[in-house]
Amino acid sequence: VSRRYFASEADLKKTALYDFHVAHGGKMVPFAGWSMPIQYKDSIMDSTVNCRENGSLFDVAHMCGLSLKGKDCVPFLETLVVADVAGLAPGTGSLTVFTNEKGGAIDDSVITKVTDEHIYLVVNAGCRDKDLAHIEEHMKAFKSKGGDVSWHIHDERSLLALQGPLAAPVLQHLTKEDLSKLYFGNFQILDINGSTCFLTRTGYTGEDGFEISVPDEHAVDLAKAILEKSEGKVRLTGLGARDSLRLEAGLCLYGNDMEQHISPVEAGLTWAIGKRRRAEGGFLGADVILQQLKDGPTIRRVGFFSSGPPARSHSEVHDESGNKIGEITSGGFSPNLKKNIAMGYVKSGQHKTGTKVKILVRGKPYEGSITKMPFVATKYYKPT
Amino acid sequence: SSVLEGLKYANSHEWVKHEGSVATIGITDHAQDHLGEVVFVELPEANSSVSKEKSFGAVESVKATSEILSPISGEVIEVNTKLTESPGLINSSPYEDGWMIKVKPSSPAELEALMGPKEYTKFCEEEDAAH
């Protein structure tokens, strides 16, 4: 069995929870320049299933949180992302995409309007340097024309993701605020377990749950409190299971399913382009994106089921006659469904649900079919 | 993870049990422990040949694919077809029910170059300590 060799451990950054992970049997691996737990004592399979049955606690502090402030922070951000930021109610967030001049995705991000003069957002760990340079460059230009905007990078805070059916009941024990009034996509600054946290009801698993930004010095205490309150049912969960969960939920991984040459329209994220933005544009690459909205994209992201070995990134997708029609961008074995799932891009016109395909793994074709996503139904907490 | 007496081991974490003119090959307990749950195994056909240190198949876990390297050269005379339906046997019984292929070695001397159980145990400890 061949083994991959990793970058030097000494060069990797550590989150505030690093020692906590190691003490709890975390298997640490390099991820986006950080030493992160891919798994604990629980297997990846068990962790994935347990998240949907009970709950999971993830350290996602390697992701980058920042605030944009100022009278013009909303119009500024709207030049960079496809979301209708102005249309968000205060205390509300949304998934959005930072675009480049060609309409491709620089990164995806969850942005939250705290007030009309304060936006809180989280960007992917692997895109941090690129994103911050991009924002800074455009901020300089914006300010030089008289715009009022500034930023703060929350490197003094940790980010925890508490996901699954027990997330809300467990977290409710740790705060006086009534969490039943905080719906999917909502944001609040509040006291949790004795420290001031930024709380967003969101996640990357398809489950109900929260992302909690907590001061570094309180991160371990909060993690311990969450695990204790759940009496062992909420389990520490690593990046391996997180990747399986987001795939089951049909969510993109930047670097696999989204890249600089793929637009939000191609990625199936047209819903994230606000209605007003579709009419007005005003973001980088708007001309390309609005054209794709009008004409339809040439490729589309779809889900797949397959037989035989799991189809992984870069596996070719062929039609039943052996013509290449697309490529897998993410895939694996679904612990909850007990079958192979994948996502990828196929030519428009060949994307219909139910279409039979062949997926090539190590040169051999295996039966597959195109399916809608999510593979596992989402359970976001929404007003009834 | 367990290491059995009477077997030979490769530094790519396969084991060999040599009995008479037949060598049985699988992956070690250490290997399956690192892989996690096996969800699919790809093995060669009977009557094909395998070469020392060359890939003869692949093991798929939830997260990754790993090649299986043959510790010796020879002709495949039998394949464990139970693994098609029950790849988890590799996790639950790596040295018995989870065996992969039986080979008629073309060069029995290759077996001498493989590690014994004590040497392999030490090799695993050193490898884990290095990562």
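Coordinates for the structure precede this section.
Residues numbered from 1 in each chain as written. Chains lettered and ligands numbered in written order. Predicted model: local features only at pLDDT ≥ 70, side-chain atom pairs only at ≥ 80, totals over all residues. Heavy atoms only, no water.

Caption draft 1: How the structure looks around the overall build of chain B. A tally of regular secondary structure across chain B gives five helices and nine strands. For chain B, the succession of helices and strands along the chain, N to C, is β-β-β-α-β-β-β-β-β-α-α-β-α-α. The C-alpha radius of gyration of chain B comes to 14 Å, within 12% of the 14 Å expected for a compact globule of 131 residues. Along the first, second and third principal axes, the C-alpha atoms of chain B reach 35 × 35 × 20 Å. (Helix = DSSP H or I, 4+ residues; strand = E, 2+ residues; numbered from the N terminus. Rg over C-alpha atoms; globule rule 2.2 N^0.38 Å.)

Caption draft 2: A look at helix α4 (residues 128–144) of chain A. All names here are of chain A. With 17 residues, α4 should cover 24 Å at 1.5 Å per step; its first-to-last C-alpha distance of 24 Å lies within 8% of that length. Residues R128, D131, L132, H134, I135, H138, M139 and F142 constitute the buried set of α4. One side of α4 holds all its buried residues, which, seen down the axis, span an arc of 160°. Exposed and oriented more than 90 degrees from the buried face of α4 are D129, E137, K140 and S144. Each element contacted by the buried residues of α4 is listed here: β4 (64–69), α3 (73–78), β5 (92–99), β6 (105–115), β7 (118–123) and β8 (150–153). Where α4 terminates, the next one or two residues include G146, which has phi positive at roughly 95°. (Expected span 1.5 Å × (residues − 1). Buried < 20%, exposed > 50% of the residue type's maximum accessible area, 1.4 Å probe, protein only. Arc of directions from axis to C-beta. Contact = heavy atoms within 4.5 Å.)

Caption draft 3: Broad picture of the interface of chain B and chain A. Listed as interface residues are 25 residues of chain B and, on the opposing side, 24 residues of chain A. Both faces combined, the contact of chain B with chain A buries some 2000 Å², and carbon together with sulfur accounts for 52% of it. The interface formed by chain B and chain A contains three salt bridges. Close ionic contact of R362(A) with E42(B) constitutes a salt bridge, the shortest N to O distance being 3.0 Å. At the junction of chain B and chain A, the tally comes to eight residue pairs in polar contact (both at pLDDT 80 or more). Elements supplying a minimum of two residues to the side of chain B that touches chain A: α1 (29–35), β4 (38–42), β6 (55–61), β7 (65–69) and α5 (117–130) of chain B. Its residues assigned to classes, the side of chain B that touches chain A shows nine nonpolar, eight polar and eight charged. (Buried area = accessible area lost by both parts, 1.4 Å probe. Salt bridge = Lys/Arg side-chain N within 4 Å of Asp/Glu carboxyl O. Polar contact = N/O pair within 3.5 Å; in protein donor to acceptor, adjacent residues only side chain to side chain. Nonpolar A, V, L, I, M, F, W, Y, C, P; charged D, E, K, R; others polar.)

Caption draft 4: Just the pattern of salt bridges, in detail. On inspection of all chains with the given rule, the structure shows 24 salt bridges over all chains. Salt-bridge contacts for E207(A) lead to K379(A); the nearest nitrogen and oxygen are separated by 3.0 Å. With a gap of 172 residues between them, E207(A) in the loop between β11 (195–200) and β12 (209–215) and K379(A) in the segment after β19 (364–371) connect regions that are remote in the sequence. K379(A) gets classed as partly exposed once you look at its relative accessible area, which sits at 41%. Where E126(B) meets K122(B), a salt bridge forms, and the shortest distance between an N and an O atom there is 3.1 Å. Taken together, the residues E126(B) and K122(B), both in helix α5 and four residues apart, mark about one turn of the helix. Look at E126(B) and you get partly exposed, because its relative accessible area is 45%. What emerges from the salt-bridge pattern is a single network uniting E78(A), D84(A), R276(A), R277(A) and E280(A).

Caption draft 5: Up close: the sheet that holds β11(A). All names here are of chain A. Taken in spatial order, the six strands line up as β10-β11-β12-β9-β3-β13 in an open sheet, and their pairing is mixed. The sheet is open, and its two edges are formed by β10 (187–192) and β13 (234–236), each paired on a single side. For this sheet, the mean angle separating the axes of adjacent strands, direction not counted, is 25°. Taken together, the six bridges between β10 and β11 define a ladder with antiparallel strand orientation. Note that in β11 the partner of I189 across the bridge is F198. Taken strand by strand, helix α2 (residues 44–53) contacts β3 (55–59), β9 (157–163) and β13, and its axis lies near 115° from that of β3. Taken strand by strand, helix α6 (residues 216–229) contacts β3, β9, β10, β11, β12 and β13, and its axis lies near 145° from that of β12. (Pairing = 2+ DSSP bridges. Axes fitted to C-alpha atoms, helices over the stretch in contact; angles between N-to-C directions.)

Caption draft 6: Quick look at unusual backbone geometry. All names here are of chain A. With an omega dihedral of 5°, the bond running from M373 to P374 counts as a cis peptide bond. The phi angle at R362 is positive, at roughly 50°, despite the residue not being glycine. Inspection of the secondary structure assignment puts R362 in the loop between β18 (356–361) and β19. For R362, a relative accessible area of 38% translates into the label partly exposed.

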